[in-house]
Amino acid sequence: MTERTPLLHYRLSTSVNESAEQSPPPAGNTVEQDTASPRRRSTLNRQPQKLSTFFGVVIPTLLSMFSVVLFLRIGFVVGQCGLYQTIAMFLVAYIIISMTVLSVCAISTNGALDAGGAYYMISRALGPEFGGSIGIMFFLANVCGSALFVLGLVEAIVATFGIPEDGSVVNSYQVLPSGYWWSLLYGTAVALLCLLVCLVGAHIYAKATFLIFLVVMFVLGTIFISFFAVRPHAISLPGSATANPTANATGPGPPTVANFTGFKLDTLLGNLQGDLKSPSYSIPRGTITAVIFTFIIYNLLSLLVACSCDRILLQKDYSFLRDINVWNPFVTIGVYCSTLSAAMSNLIGASRILYALARDDLFGKVLSPAKRTSHSGNPWVSVLISWFLVQLVLFSGKLNTIASIVTIFFLLVYAAVDLACLALEWASAPNFRPTFRYFTWHTCVLGIVGCAIMMFLINAIYASASIAFMLLLLLLIHYLSPTSSWGYISQALIFHQVRKYLLMLDVRKDHVKFWRPQVLLMVSNPRSSVGLITFINDIKKSGLYVLGHVQLGDLDTLPSDPLQSQYDSWLSLVDHLNIKAFVNMTLSDSVRHGVQHLLFISGLGGMRPNTLVLGFYDDCLPQDKLVDSSLSMSRSTDPSSSSLDPEQQHPPFHFASLRGSGDRKDSGQFGDGKVLGPQEYVAVIADALKMLKNVALARYFNHFDRSQALFPPSSSPGKGAVYVDVWPVNLLRPDSCSYVDTCSLFLLQLACILNMVRAWRKARLRLFLCVEEGRSVRGTEEKLGQLLKELRIKANVYTVPWDQQVALHWQRQGGSGRKQPLDTQDDEGEEEEEMVEDNEDDYVNSFPSNTTRLSDEYLSAVNRLILEQARPPPAVRFLYLPRPPADTRRYTTYLRQLDLMTQGLGPTLLIHGVTPVITTDL
């Protein structure tokens, strides 16, 4: 049962499994396979072991809050701070606790919980990176906390039953040897006792904690009775508290006795200044009950202590509750039991966190042994690993140096729980609807702020180091762990914010000063378009970039949408090429209609494509430039490959083979593997221009290699320099040589944008100015230079005489009567051309066109002119793209003319701009 399984399926299958008797699994099943389906096994073995609210939540929470602090430090706090400040301190602490408890209750009532506690909540809410890093810190905090309580118990035992280091035995029961190695031996024995209890499982642990709970509550009851039953008397202060003289040698010596006065007003005035059956049901009720109960007990005990004990007694004697008890050993037993319970609680908590981390596979095979469980579901390997680490910590002896770090680790975990609840609340996801509703985002923020303040008040250096350690773990998990299926809260938050800002992005407020290219690149097959995809990624200038694809088909004749299965391959392509692009695909009866669909619907709000980029229509066979090493794996005949995960079996991108390849059987609609004809191709260009979209045609980018273009060898003609050539003139209309129309400025803008990209900053722009004899060359060059200066575009301007090429054009216009060598049309065809030419003005949206007036000689001459100026050759060229003719019957001729003009030019962009994109205003 995976986390993507529908809830209805999950509930039905669970109910069936719970009601039916299941046969034991086959003997061949491994432990790992068994633990991979804990739901199935839990119905047989672990279901009877579930704990109730009282045993599973109330008792562990009470024991964790009624630790040795209650018996050994409550008086010290009252003596040092006074009753007022003590109650204020409890209020602040319980406010922070309450805020975190509210967050825990909200998350726990929003879905089924599993082993791991706070780690499980945080990881499922904030994702594997944050949850895994917090989980490791929570695990280490529990390990060190267990060692701390073990050593605390050892010190308490040695203080009572141990022989002092000076050898002076006061009582007959002081028989235990003392020293570092003896303390280590006692600690090992206590840790082994905790290990035995935890190995048996959660049920025996609950019984053990229940017995300890009864003892602690009985001792606590005797303490309250003692305040009323014991008569006032003097108590000798410990020798360790009075051994050192005061700093003022002339003053009186320190007191050696203090009074237990009973209830007196003077005494009060002197102390005034200074695993579960139903987790979603049990956790809120049990935790809130325990918090309220302990808050009452702590404040009531503080009040009784302040009313009945001298301040000097509270400050100097940590164990004064033992001295005023009706029977002194009661408090000692309470200290031992609470400490032992805390040690076991931390040990079993650490093992459950480690088991949850191992089961989530966040660290690969490193933690795979920790997945093993017993027949009752107890993760015994995790318990052993946790005990081993506790034993290592015991070797350090005194743990005062890391006690602050352990506390900060726990505070960081509590802050992360608040953060998880805050993120779920702010994401406004419909599925976040906890049954516990007594929380808001304000309580979450208050809990986070409170935990952060406490962390830095305890120790700013340790707090900073803990946060840095958490961030380091977060980065490691982010880059090393596999993708999880839990869902990422970051995606929900991003969606929430993006939707809000998209609504604020008003297209009516667009201004030319803030224009940027938003590109829709049509890709037929990514295998031959890698060079073009990476190049267009460079000229988008932080704008929208959409990879569009049209698949021919009719949904009425198909059983399902064929695009859904391809979407993951396209996303893998985006990741593989490391580009920032979206993917948009459509199913259509023709490529032209598909491109129209994408131009209409791509984008959202103010983020819509304003530029269409198409590959050039020619007869060049495409070449596969997409490295797909995983295809060999998918074609492997190894039978063991079937045992892999489904995500690992499929290749990251699975695209059709290219036309012209050996395994491509279809010949396309036009007999050459193409699904698009020249007439429809030019119609796509005309459609885009009608929609007021800029159009770019990319030719010879199937061989484009970005690394080779940016870093040519020093032995090349340019000696390693990179050039970008711009021809901002309509070469198909030599009678209209304007450099300041919208299309020319659009060319300059795109070339400048490419030059602004970090990888292309070293490229030099070369602007070619076509001139004729008899015109002021210098004046035209100066005007163009002034224009570039005003537009803040740095480029070298080169004048190119093209009188010979223009003469060829006018020779055709002059009606010389000679047929062009490559012209295959007869006289009737020429008369038909003239007739069509006269009728072009009858078409809607007709624009001046030279389609019928250009000879092949002129186009070949222009092509040679461009090639002659390329010394050294550029990395890419930008050429002016004329509008398609208004007469659709001239589309094929128009495309052939573009083909002749760009023949053999290398990577070239033919660009036509329809929107103003440059301004000289501030």
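What counts, and at which threshold
- Residues numbered from 1 in each chain as written.
- Predicted model: local features only at pLDDT ≥ 70, side-chain atom pairs only at ≥ 80, totals over all residues.
- Heavy atoms only, no water.
- Helix = DSSP H or I, 4+ residues; strand = E, 2+ residues; numbered from the N terminus.
- Buried < 20%, exposed > 50% of the residue type's maximum accessible area, 1.4 Å probe, protein only.
- Areas by Shrake-Rupley, 256 points an atom, 1.4 Å probe, with all protein chains shown as cover.
- Pairing = 2+ DSSP bridges.
- Axes fitted to C-alpha atoms, helices over the stretch in contact; angles between N-to-C directions.
- Contact = heavy atoms within 4.5 Å.
- Polar contact = N/O pair within 3.5 Å; in protein donor to acceptor, adjacent residues only side chain to side chain.
- Patch = residues over 30% accessible without salt bridge, like charges linked within 9 Å, V, L, I, M, F, W, Y side chains within 5 Å.
- Salt bridge = Lys/Arg side-chain N within 4 Å of Asp/Glu carboxyl O.
- Lys, Arg positive; Asp, Glu negative; His and termini not counted.
- Charge placed at Lys NZ, Arg CZ, Asp CG, Glu CD.
- Parallel < 35°, antiparallel > 145°, perpendicular 65-115°, else oblique.
- Nonpolar A, V, L, I, M, F, W, Y, C, P; charged D, E, K, R; others polar.
- Right-handed = clockwise from strand over helix to strand, strands pointing away.
- pLDDT = per-residue confidence, 0-100.
- Left-handed = near helix turned anticlockwise from the far one by under 90°.
- Phe/Tyr/Trp six-rings, centres within 6.5 Å; stacked < 30°, edge-to-face > 60°.
- Lys NZ or Arg CZ within 6 Å of the ring centre and 35° of its normal.
- Expected span 1.5 Å × (residues − 1).

(A) Just the overall build of the chain, in detail. If you tally the helices and strands in the chain, you get 34 helices and 12 strands. The buried share of the chain, reckoned over its 922 residues, is 48%. If you sum the accessible surface of the chain, you get close to 46,400 Å²; carbon and sulfur atoms cover 60% of it.

(B) Spotlight on the sheet that holds strand β10 (residues 796-801). The strand order across the open sheet built from 10 strands is β5-β4-β3-β6-β7-β12-β11-β8-β9-β10, with neighbouring strands paired in mixed fashion. Single-partner strands in this sheet number two, and they are β5 (582-588) and β10. Going across the sheet, the axis of each strand differs from the next one's by a mean of 25 degrees, ignoring polarity. In the sheet, strand β8 (residues 723-727) pairs with strand β9 (residues 764-771) via four bridges, with the strands oriented parallel. Paired with Val-726 across the two strands is Leu-767, which belongs to β9. Sheet strands in contact with helix α22 (residues 530-538) are β3 (519-522), β4 (545-552), β6 (611-615), β7 (694-699), β11 (876-880) and β12 (908-912), and its direction is about 145 degrees off that of β4.

(C) View of helix α7 (residues 118-126). Counting buried residues in α7 gives nine out of nine residues, a clear majority hidden from the surface. Turning to α7, its buried residues are Ala-118, Tyr-119, Tyr-120, Met-121, Ile-122, Ser-123, Arg-124, Ala-125 and Leu-126. Where α7 ends, the next residue or the one after it, Gly-127, has phi of about 100 degrees, a positive value.

(D) How the structure looks around the pairing of β6. Judged by how many residues are buried, β6 sits mostly within the fold: four of five residues are covered. Examined bridge by bridge, β3 and β6 share three bridges and lie parallel to one another. The residue of β6 that forms the bridge with Leu-520 is Leu-612. Pairing analysis gives five bridges linking β6 to β7, with the strands arranged parallel. Opposite Thr-611, over in β7, you have Asn-694 as the bridge partner.

(E) Expanded view of the environment of Ala-721. Residue position: Ala-721 is located in the loop between α28 (706-710) and β8. Residues Ala-721 and Pro-874, 153 residues apart in the sequence, show an inter-C-alpha distance of 9.1 Å. When neighbours within four sequence positions are excluded, Ala-721 is seen to be in contact with Pro-712 and Arg-764.

(F) Spatial organisation of the side chain of Asn-378. You can see Asn-378 is positioned in the loop between α16 (329-359) and α17 (380-394). A distance of 2.7 Å separates a polar atom in the side chain of Asn-378 from the backbone oxygen of Leu-199.

(G) Up close: a positive patch on the surface. Residues Arg-516, Lys-541, Arg-758 and Arg-761 make up a contiguous surface patch of positive charge. Mapped onto the elements, Arg-516 comes out in the loop between α21 (489-504) and β3. On the basis of relative accessibility, which here comes to 37%, the residue Arg-516 falls in the partly exposed class.

(H) The pattern of salt bridges, seen in detail. Using the criterion set out here, one finds 10 salt bridges in the structure. One salt bridge connects Arg-706 with Asp-538, and the closest N-O pair in it is separated by 2.7 Å. Here Asp-538 lies in helix α22 and Arg-706 lies in helix α28, a separation of 168 residues in the sequence. Of the charged contacts, one joins Arg-896 and Asp-856 as a salt bridge, the two residues approaching to 3.0 Å between their closest N and O atoms. You can see Arg-896 sitting in helix α34 (residues 891-901) and its partner Asp-856 sitting in helix α33 (residues 856-869), a full 40 residues away along the chain.

(I) Seen up close, the packing of helix α27 (residues 678-690) against α34. Look at α27 against α34: their axes get within 8 Å of each other, and the N-to-C directions meet at 85 degrees. Here α27 lies roughly perpendicular to α34, going by the angle between them. In this structure, α27 contributes Pro-678, Gln-679, Tyr-681, Val-682, Ala-683 and Ala-686 to the contact, and α34 contributes Tyr-891, Thr-892, Tyr-894 and Leu-895. Looking at side-chain class alone, the contact of α27 with α34 contains eight nonpolar, two polar and no charged residues.

(J) Up close: the pairing of β5. Counting buried residues along β5, five of its seven residues qualify, which places the element largely inside the surrounding structure. Read as a crossover between parallel neighbours, the route from β4 over helix α23 (residues 567-577) to β5 is right-handed.

(K) Main features of a nonpolar patch on the surface. Where nonpolar side chains cluster on the molecular surface, the patch consists of Tyr-180, Trp-181, Phe-388, Leu-392 and Phe-395 and spans about 580 Å² of accessible area. Of all the elements in the fold, those that place two or more residues in the nonpolar patch are α9 (180-200) and α17. By the element assignment, Tyr-180 lies in helix α9.

(L) Highlighting unusual backbone geometry. Despite not being glycine, Leu-692 has its phi angle at roughly 60 degrees, a positive value. Turning to its location among the elements, Leu-692 is positioned in the loop between α27 and β7. Residue classification places Leu-692 among the exposed positions, given a relative accessible area of 58%.

(M) Representation of the confidence of the model for the chain. In this model, the chain carries an average pLDDT of 77, and 76% of its residues clear a pLDDT of 70 or more. Counted against residues more than four places away or in other chains, residues 240-251, with its pLDDT under 50, gives eight contacts. In the model, residues 816-838 has pLDDT below 50 throughout and makes 24 contacts with residues more than four positions away in sequence or in other chains.

(N) Geometry of the packing of helix α8 (residues 128-161) against helix α20 (residues 460-480). The geometry of α8 relative to α20 is characterised by a closest axis approach of 8 Å and an angle of 130 degrees between their N-to-C directions. Considering their axes alone, α8 and α20 lie oblique with respect to each other. Handedness of the crossing formed by α8 with α20: right-handed. Facing Pro-128, Glu-129, Phe-130, Gly-132, Ser-133, Ile-134, Ile-136, Met-137 and Leu-140 of α8, the residues of α20 in contact are Ser-466, Phe-469, Met-470, Leu-473, Leu-474, Ile-477 and His-478. Along the lines of polarity and charge, the residues of the contact of α8 with α20 split into 11 nonpolar, four polar and one charged.

(O) The arrangement of the side chain of Ser-386 in detail. By secondary structure assignment, the location of Ser-386 is in helix α17. Discounting residues that sit within four places of it in the chain, Ser-386 has contacts with Phe-139, Val-143, Leu-347, Ala-350, Ser-351 and Leu-354.

(P) Representation of the packing of aromatic side chains. Per the counting criterion, the structure on display carries 21 aromatic pairs. Ring pairing ties together the aromatic residues Phe-535, Phe-701, Phe-704 and Trp-760, which thus form one cluster. A cation over an aromatic ring shows up here: Arg-766 above the ring of Tyr-723, its NZ or CZ 4.4 Å from the ring centre.

(Q) Here's a closer look at the environment of Ser-178. Along the polypeptide, Ser-178 turns up in the loop between α8 and α9. Expressed as a C-alpha distance, the spacing of Ser-178 and Gly-162, which sit 16 residues apart in the sequence, is 5.9 Å. Only 2.8 Å separates the side chain of Ser-178 from the backbone oxygen of Ile-163, close enough to count as a polar contact.

(R) Representation of α17. Its 15 residues give α17 an end-to-end C-alpha distance of 21 Å, which sits within 8% of 21 Å, the value for a rise of 1.5 Å per residue. Inspection of α17 places Val-381, Ser-382, Val-383, Ser-386, Trp-387, Val-390, Gln-391, Val-393 and Leu-394 among the buried residues, and these make up the whole buried set.

(S) Spotlight on the environment of Leu-676. In this structure, Leu-676 sits in the loop between α26 (646-649) and α27. For Leu-676, a relative accessible area of 15% puts it in the buried group. The spatial distance from the C-alpha of Leu-676 to the C-alpha of Arg-592 is 8.5 Å, given a sequence separation of 84 residues.

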